[in-house]
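The residues making up each chain are set out below.
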Amino acid sequence: MTTDKVNYGTIIKNGIFGENPVFRLALSLCPAVAVTSGVKNGFLMGVAVLFVMTMVNGTVSLLRNFINPKVRIPSYMFIIATWVTVTDLVMAAYARDVYKQMGLYIMLIVAFAIVLSRAEMFASKNKLIPSMVDGAAMGMGFLLALVLLGIFREALGKGSLWGYKFVETKPLLIMIMPTGGFFAMGLMMGWLNWIDRKFFGGTGGGGGGH
Amino acid sequence: MLEKVLTIFIASALINNFVFSRYLGLCIFFGVTKKMETSIGMSFTFTAVMMIGAALSWFIYTYVMVPFHLGFLKIVIFIGVVAAFVQAADTIMKKVTPALYYKLGIYLALIVTNCIILAVPLINAEEHYSLFESMALALGSGLGFSLALIIMASIREKLDLADVPKSFQGLPISFVLTGLIALAFLGFSGMITL
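In this text the structure is predicted, and so the values were computed from the model without any measurement. Throughout, residues of each chain are indexed from 1 in the direction in which the sequence is written. Chains and ligands are labelled by the order in which they are written, letters from A for the one and numbers from 1 for the other. Only residues with pLDDT of 70 or above have their local features reported here, since the model is predicted, and side-chain atom pairs are shown and tallied only from 80 upward, although totals for entire chains, interfaces and linings are computed over all residues.

Here's the deal with unusual backbone geometry
Residue and element names in this part refer to chain B.
Okay, so step 1: Positive phi, normally seen in glycine, also occurs at tyrosine 23, with a value near 50 degrees.
Okay, so step 2: Here tyrosine 23 lies in the loop between helix 1 (2–15) and helix 2 (26–32).
Okay, so step 3: At histidine 128, a residue that is not glycine, the phi angle is positive and equals roughly 55 degrees. Secondary structure counts use DSSP, requiring at least four H or I residues in a row for a helix and at least two E residues in a row for a strand, with both numbered from the N terminus.

As structure tokens, this is what we get:
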């Protein structure tokens, strides 16, 4: 029992820090840049991904003994597409105004490399509960990255957080424009590399080639 | 009619460029632009797959999904269509034109789960475009993506000679660079109003 607990701790730490999908693995970057012009959008997108990853990992884990290894990738893709459709329809029903802005990106969760890679690398070899925890931890890492970027961009671009203004002017309007997303992402990655090198003795720099 | 097709074409290639203003396809964008040669190979493969994929999905959407009210299944169906088509193209190319396969086959494998390939049919379905308009969107997006790849590849080749701070080496500096190009592409906005 105790070993199980240690395992969960490692899985969660791994998802949020060690293999953070956005900053470490540099996977699924598109939505990370696209929806983070505000904290709220980033948060909702993160929640959507968290939900999809948890459910996909759970489903794949339950079906792991029934899926023929030869057709596993297409099967996983249909499982992912199903859960993304569920998320998409729920979002379209209950969060209209947000959905109008980022509906396309919600649908494109289906093409996230991170979801497929977790299903393939973890859920297809593990039991239900650890798989779901792994999905949730990875989703959490993604959510945190999006919120962090959202805070950075919204505070600088609009002078507000979650829609509440704290300064009257718009300090750096460019941060909420498309180009600002790329700048924010590059600066954030560079900064995290610097922290990693300075305080944790990591290699820093280089970071993912994908 | 022709005017609308042209508008969609130019808008999707320059103003709403997938990489610089819709932020899609970034994985491939950063993955293959280390070398000019791979970016050119990817551009060709990508544009071709995009056109055929969009046409296939258009026919399925218009003649199967709309009559049977299956619109809500579009994510599942489109990803199935695109993945099946890419897989088929892979097999056919290997048999029919092995020479071409060894040049471009590797890119096909990368394309299967690409977001742009999926985004184009989704946008077409959302906007209820006609066949010609869909093709214009697909071609425009493909060429726009190729343009982005080639610009980025030529800059990154120069980047090897530059003295980049250690923390920024690799991806971070590429992101900042992309931001600068996106800033230039911002100049296209307002050129055409849809």
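There is more to say after this.
Re the nonpolar core
Okay, so step 1: The term nonpolar core means buried Ala, Val, Leu, Ile, Met, Phe, Trp, Tyr and Cys residues held together as one set by C-beta atoms within 7 Å. Exposure is read from a count of other C-beta atoms within 10 Å of each residue's own; the residue is exposed at 12 or fewer, buried at 20 or more and partly exposed in between. C-beta atoms are placed from the backbone. Judged by nonpolar contacts, the single largest core of 119 residues is most densely connected at Val52, Val56, Ile80, Ile109, Val110 and Val115 of chain A together with Leu118 of chain B.
Okay, so step 2: Looking at which element gives the most residues to this core, the answer is helix 7 (residues 128–158) of chain A, with 12 residues.
Okay, so step 3: Excluding its chain neighbours within four sequence positions, the residues that come into contact with valine 115 of chain A are Val52, Met53, Val56, Ile80 and Ile109 of chain A. By definition, residues are in contact whenever their C-beta atoms, placed on the basis of the backbone, come within 7 Å of each other.

Digging into the confidence of the model for chain B
Detailed reading of the predicted coordinates is not advisable wherever pLDDT falls low.
All names here are of chain B.
Okay, so step 1: Of all residues in chain B, 98% attain a pLDDT of 70 or more, and the chain-wide mean is 85.
Okay, so step 2: What pLDDT expresses is the predictor's confidence in each residue, scored from 0 to 100. Mean pLDDT across the secondary structure elements of chain B bottoms out at helix 5 (residues 98–111), with 76, and peaks at helix 7 (residues 131–159), with 90.
Okay, so step 3: On the interface metric, ipTM, the complex scores 0.80, and its pTM is 0.83.

Comments concerning helix 3 (residues 36–65) of chain B
Okay, so step 1: Over its 30 residues, helix 3 of chain B runs 40 Å from end to end, which matches the ideal 44 Å to within 8%, given 1.5 Å per residue.
Okay, so step 2: Considering only its buried residues, helix 3 of chain B is in contact with helix 2, helix 4 (74–96), helix 5, helix 6 (115–127) and helix 7 of chain B. Here a helix's expected span is defined as the number of its residues, less one, multiplied by 1.5 Å.

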